Structure formats: structure tokens, C-alpha cells
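Close look at the chain arrangement
For reference, the chains in residue letters:
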Amino acid sequence: MKFFVPFANNEQESESVYADIAQSIGVSLKDADNRIYSISYSHNGKNMTAVVGKDCDPYYQETFPEVIAIFKSNPYKIILRERGILSGAPILVNINEVIGVSFFD
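These lines cover the structure that appears in this document, whether it is placed above or below. (Residues numbered from 1 in each chain as written. Predicted model: local features only at pLDDT ≥ 70, side-chain atom pairs only at ≥ 80, totals over all residues. Heavy atoms only, no water.)

1. Some points on the packing of aromatic side chains
Two aromatic rings are characterised by how far apart their centres lie and by the angle between their planes. A complete count under the given rule lists 6 aromatic pairs for this structure. Judged by centre distance (5.6 Å) and plane angle (85°), the ring pair of F4 and F104 falls under edge-to-face. Of this pair, F4 sits in the segment before α1 (11–25) while F104 sits in the segment after β6 (98–103), and the two are 100 residues apart along the sequence. Ring centres of Y18 and F71 lie 4.7 Å apart, and the angle between their planes is 25°; on these two criteria the pair is classed as stacked. You can see Y18 sitting in helix α1 and its partner F71 sitting in strand β3 (residues 67–71), a full 53 residues away along the chain. Overall, the relative accessible area of 0% leaves F71 in the buried class. The ring of F3 carries the charged tip of R35 above its face, separated from the ring centre by 4.6 Å. Across the ring face of F64, the terminal group of R81 is positioned such that the distance to the ring centre comes to 3.9 Å. (Phe/Tyr/Trp six-rings, centres within 6.5 Å; stacked < 30°, edge-to-face > 60°. Helix = DSSP H or I, 4+ residues; strand = E, 2+ residues; numbered from the N terminus. Buried < 20%, exposed > 50% of the residue type's maximum accessible area, 1.4 Å probe, protein only. Lys NZ or Arg CZ within 6 Å of the ring centre and 35° of its normal.)

Geometric descriptors of this kind do not, in isolation, establish any biological role.
Set out below in C-alpha cells:
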């Protein structure tokens, strides 16, 4: 899958938005070189998967559930419109909860 950020109009805007999000949540772009497309993880005994451009697990009961970006950090950070961009904290996934990660091409 080619890298994109939902709602961005083109590749240049995707890159700009991605950099802005990284800065706002305290993640270095150097650490984000391998851009994450999806992450599978275990939360409270339930296996979940977050995919950029798809809705997060219904468990989170989000008004705007679409995953905007996923960043590798400690913990991993799953960004939604109201969790990491407009307000609130990202969904945090501890490294020991991660089952698998796939990257954009």
C-alpha cells in the first residue's frame, strides 16, 4: 500500500500532515521513517487491529473512529481525529501488546 493520510488531497499534503502530527505528539520523524499501515495488538484480552483509513475497534466507542496515522514509539500511538489531532490523547499500545505490524510500501 502506498503511503497516505486520510483526508489529505495529495502525497505532498500527506507528508506535511504526517510531519505535523508527529511533532504534535512528540514523535521524531526519524523514528517514523518506516510508516506503519496497520498494527495488531492485544488489549484487555481482546485481539484488535488498527489500519490507516479504516475505523478503529468499536471497543473505543469513538465519534470519529477512522485511523489517521500510527506511529512507532514507546508506546505505539494510534491517531484518530479526536485522539491525537483535534483533542485528547492517542490510543496507546504498549510494545509488549503488539502482535504484528505492517508498513506502507
